[in-house]
Amino acid sequence: MTSAEAGARQAVRFASGGTECAAWHYPGTNGACVIMAGGFAVPKEPATDLFAKRFHDAGFSVLAFDYRGVGKSGGQPHLVLPVKNLLADWEAAIAFAATLPGVDADRLALWGFSASGGHVIRVAARNPRLAAVIAQTPNVGGLAAMRSVTSHQKPLAMLRFTGRGIADAVGALAGRRRPLLVPLAGEPGTVAMLVTPDALDGPDALDPDSRYSDWQQKVAARSALRLAFYQPGRDASRVRSPLLVLTCDQDQSAPPGPAIDAARRAPGAELVRLPGSHYAPFAEMHEQAIEAQLSFLSRHLLDQLTGIAKTDL
């Protein structure tokens, strides 16, 4: 992002869980706001800059935030990411976005990819007033997803990963402050959260110019282990907001099958399937992904407002 483009956004902070989340606010012109967060332990800049700019160029306000314990947000120890905290941060972001200048509180949308794509489904199930929700290559959990991810790992490395997660959790209970970290992605046989073939594409897709040197690309082992048992897709049937689920057919980090099933269970959900792997929407499929998402946002955040205005006339 150039200095001129960066000037279109403002650094803001909002309260959550006794500390503050860091965020970028891109002031828009059409009254609607898209609230965004990155994947698991991925800061807002590499995770959202590409899509946030396109949304902002189309007139939408954007609030892109770091979860507590990630990036420039507060919360200690860093990179310890309990799911309950992440969900609470979404709730705090929604409340904050509704107060931003020029934002219509009735036209808020959520956007998340990968793990955050699962979070927005659970948050939407609890917030029926949301105007729209986008889940991009979401990790919705379930046994099918777990089998796909673990099938690429070697048994001994899986045992070592599990042991590190347990040791990290036990250490925290014993009062150890510094977490035991694991890489977000690695080769099969290494102790890493993901060893799927497309997991290693993350840095090149999200940070092709190596601009985000503060992205550690690691997470607390206990948080990575617990995420394996998280199943936000179960909440899809309770989502009443318009929901766009975008999957990639060759995705091995967040297999499309469970996400497609979740979309079918959500009343009125729309499903867009693209070729490619987990990070294709950031790379070769970006134009197709952004076109589908802008069309969805326009229909649900702008077209209805136009219809109301015509009725008032």
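Keep in mind the model is a prediction, meaning the values are calculated, not measured.

Another point: the confidence of the model for the protein chain. Per-residue confidence for the protein chain gives a mean pLDDT of 93, with 94% of residues at or over 70. Here residues 1-6 is a poorly scored stretch, pLDDT under 50, and it has six contacts once near neighbours within four places are set aside; other chains count. Between residues 307-313, whose pLDDT stays under 50, and residues either more than four places distant or in other chains, the model counts zero contacts.

A word on the packing of helix α3 (residues 83-97) against helix α4 (residues 115-126). Running from N to C, α3 and α4 cross one another at 60°; their axes reach a closest spacing of 10 Å. Crossing handedness for the pair α3 and α4: right-handed. Contact with α3, carried on its side by V83, L86, L87, W90, E91 and I94, involves S116, H119, V120, R122, V123 and R126 of α4 and no other residues of that element. Residues that form the contact of α3 with α4 fall into these classes: seven nonpolar, two polar and three charged.

Glancing now at the pairing of strand β10 (residues 270-274). In this sheet, β10 lies alongside strand β9 (residues 243-248) in parallel orientation, the contact comprising five bridges. Residue pairing across strands places T247 opposite R273, the latter belonging to β10. What joins β9 to β10 is helix α9 (residues 256-265), and the crossover it makes is right-handed.

Spatially, the eight strands line up as an open sheet ordered β1-β2-β4-β3-β5-β6-β9-β10, and their pairing is mixed. Each having just a single partner strand, β1 (10-16) and β10 make up the two edges of the open sheet. Direction aside, the axes of adjacent strands within the sheet are offset by 20° on average. Relative to strand β4 (residues 61-65), strand β2 (residues 19-26) runs antiparallel, the two sharing four bridges. Residue pairing in the sheet places Y26 in a bridge with V62 of β4. Contacts from α4 reach β3 (33-37), β5 (108-114), β6 (132-138) and β9 within the one sheet, and its direction differs from that of β5 by about 145°.

Rules behind the numbers
- Residues numbered from 1 in each chain as written.
- Predicted model: local features only at pLDDT ≥ 70, side-chain atom pairs only at ≥ 80, totals over all residues.
- Heavy atoms only, no water.
- pLDDT = per-residue confidence, 0-100.
- Contact = heavy atoms within 4.5 Å.
- Axes fitted to C-alpha atoms, helices over the stretch in contact; angles between N-to-C directions.
- Helix = DSSP H or I, 4+ residues; strand = E, 2+ residues; numbered from the N terminus.
- Left-handed = near helix turned anticlockwise from the far one by under 90°.
- Nonpolar A, V, L, I, M, F, W, Y, C, P; charged D, E, K, R; others polar.
- Pairing = 2+ DSSP bridges.
- Right-handed = clockwise from strand over helix to strand, strands pointing away.

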